[in-house]
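Inside the fold
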Amino acid sequence: MITANKSIMKWLSLLVGSILIGLIFFMINSKSSSSEPIDQEDMTPTLFIHGYKGGPRSFQTMIDRMQSLEWGKKQMVIYVASDGDLTIQGGIQQSRTPFIQVLFENNRASINSQTHWLEGIMQRLKYDYEIQQVNIIGHSMGGLISANYLLNAQEFTAPKVEKLAVIASPFKGIRKEGYFKSNYGEATTDLQPESEALIQMVEKKNQFPPHVDVLAIAGIINKEAPEQLHWDGLVHASSVKGLQDIVPFGQYQEEMVYNKQASHSGLHELAEVDLLLGKFLWEQQN
């Protein structure tokens, strides 16, 4: 009787062990089978493009915050040399919202030069990485070249731009007294009010793609001042709003951020701006 019980217990132990092993393999296989490849049509990278005198740190903390919120992950950095040559670090992995940081060696170049470089980036993304569509976030001059790119883009050779968000971009130029005496580079010509580069963008407004949704964000550190004087310490809100003279009706929206910390270089460090971008680009509500 004792021997029979031992045999039954041994058999039950083997049965339970086999069931557990089977369950483990089932869970592993189910997990691996659920990780199906993402179609290129479902992948929309977001490009982060810095402004005049910008660099690696310009968007890094924003990217870090967005990664912590699991809105996306930085997978690629594209370095643009002064001659336009591209050096690409990283690659596009399976993700619906990968982040791509764009860095210009000549961060004082003209709008036309940087627009030309952005065209090269877009073509490379399409032909080498099969990217079908992208979003763009541009800070200051980064927003200007992004809009200028859209006014001149040939979409059959580049990914389709779904959404454009600009932060503190001076579409009517910079009117801060003394600014152009202490700064240099070809960009300083383009950033002046009524420059030829800015006028040409308005003249080409009929070429703006009819499918691109646009968000313009301006910082206002002096809410108590008259509206015409509202600014972020460098760019007036009215200059940021100048984008509406280019974008077709119904595709444009704007947000004014009233905060003493919403300075020109501090605006993209605010959680409030993160939330505005998250809602606009990825329909995030948190």
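A brief look at the structure comes next. (Residues numbered from 1 in each chain as written. Predicted model: local features only at pLDDT ≥ 70, side-chain atom pairs only at ≥ 80, totals over all residues. Heavy atoms only, no water.)

1. Comments concerning the sheet that holds strand β6 (residues 160-167)
Overall, mixed pairing links the eight strands, which are arranged β3-β2-β4-β1-β5-β6-β7-β8 in an open sheet. Strands with a single pairing partner mark the edges of an open sheet, and in this sheet they are β3 (86-90) and β8 (252-258). Averaged over all adjacent pairs, the angle separating strand axes in this sheet is 20°, with direction ignored. Where strand β2 (residues 73-80) meets strand β4 (residues 98-104), seven bridges bridge the pair, whose relative direction is parallel. In the strand pairing of β4, Met-76 is matched with Ile-100. (Pairing = 2+ DSSP bridges. Helix = DSSP H or I, 4+ residues; strand = E, 2+ residues; numbered from the N terminus. Axes fitted to C-alpha atoms, helices over the stretch in contact; angles between N-to-C directions.)

2. Brief notes about helix α2 (residues 57-68)
Along its twelve residues, α2 runs 17 Å from first to last C-alpha, staying within 8% of the 16 Å computed at 1.5 Å per residue. Every buried residue of α2 is listed here: Ser-58, Phe-59, Met-62, Ile-63 and Met-66. Across the axial projection of α2, the buried residues extend over an arc of 105°, all falling on one side. Opposite its buried face, α2 presents the exposed residues Arg-57 and Ser-68, each directed more than 90 degrees away. Tucked into the core, α2 has its buried residues touching β1 (46-49), β2, β4, β5 (133-139), β6 and α8 (271-282). (Expected span 1.5 Å × (residues − 1). Buried < 20%, exposed > 50% of the residue type's maximum accessible area, 1.4 Å probe, protein only. Arc of directions from axis to C-beta. Contact = heavy atoms within 4.5 Å.)

3. Regarding the nonpolar core
The biggest cluster of nonpolar side chains holds 56 residues, and the ones touching the most others in it are Leu-47, Ile-78, Ile-121, Met-122 and Leu-243. With residues near it in sequence (within four places) discarded, Met-122 still touches Leu-47, Val-134, Ile-136, Tyr-149, Ala-158, Pro-159 and Val-161. (Core = buried A, V, L, I, M, F, W, Y, C linked by side-chain atoms within 4.5 Å.)

4. Things to note about the pattern of salt bridges
Counting across every chain of the model gives seven salt bridges. For the salt bridge of Arg-65 with Asp-274, the shortest nitrogen-to-oxygen distance reads 2.5 Å. With Arg-65 in helix α2 and Asp-274 in helix α8, this pair connects stretches of sequence that are 209 residues apart. By relative accessible area, Arg-65 is classed as partly exposed at 22%. (Salt bridge = Lys/Arg side-chain N within 4 Å of Asp/Glu carboxyl O.)

5. Side note on the packing of aromatic side chains
This structure, assessed with the given rule, holds six aromatic pairs. Between Phe-104 and Trp-117, the aromatic rings sit 5.8 Å apart at their centres with planes inclined by 35°, giving tilted as the arrangement. On the criterion of sequence distance, the pair formed by Phe-104 in strand β4 and Trp-117 in helix α3 (residues 111-129) is long-range, its members being 13 residues apart. With respect to burial, Phe-104 and Trp-117 carry one shared label: buried. (Phe/Tyr/Trp six-rings, centres within 6.5 Å; stacked < 30°, edge-to-face > 60°.)

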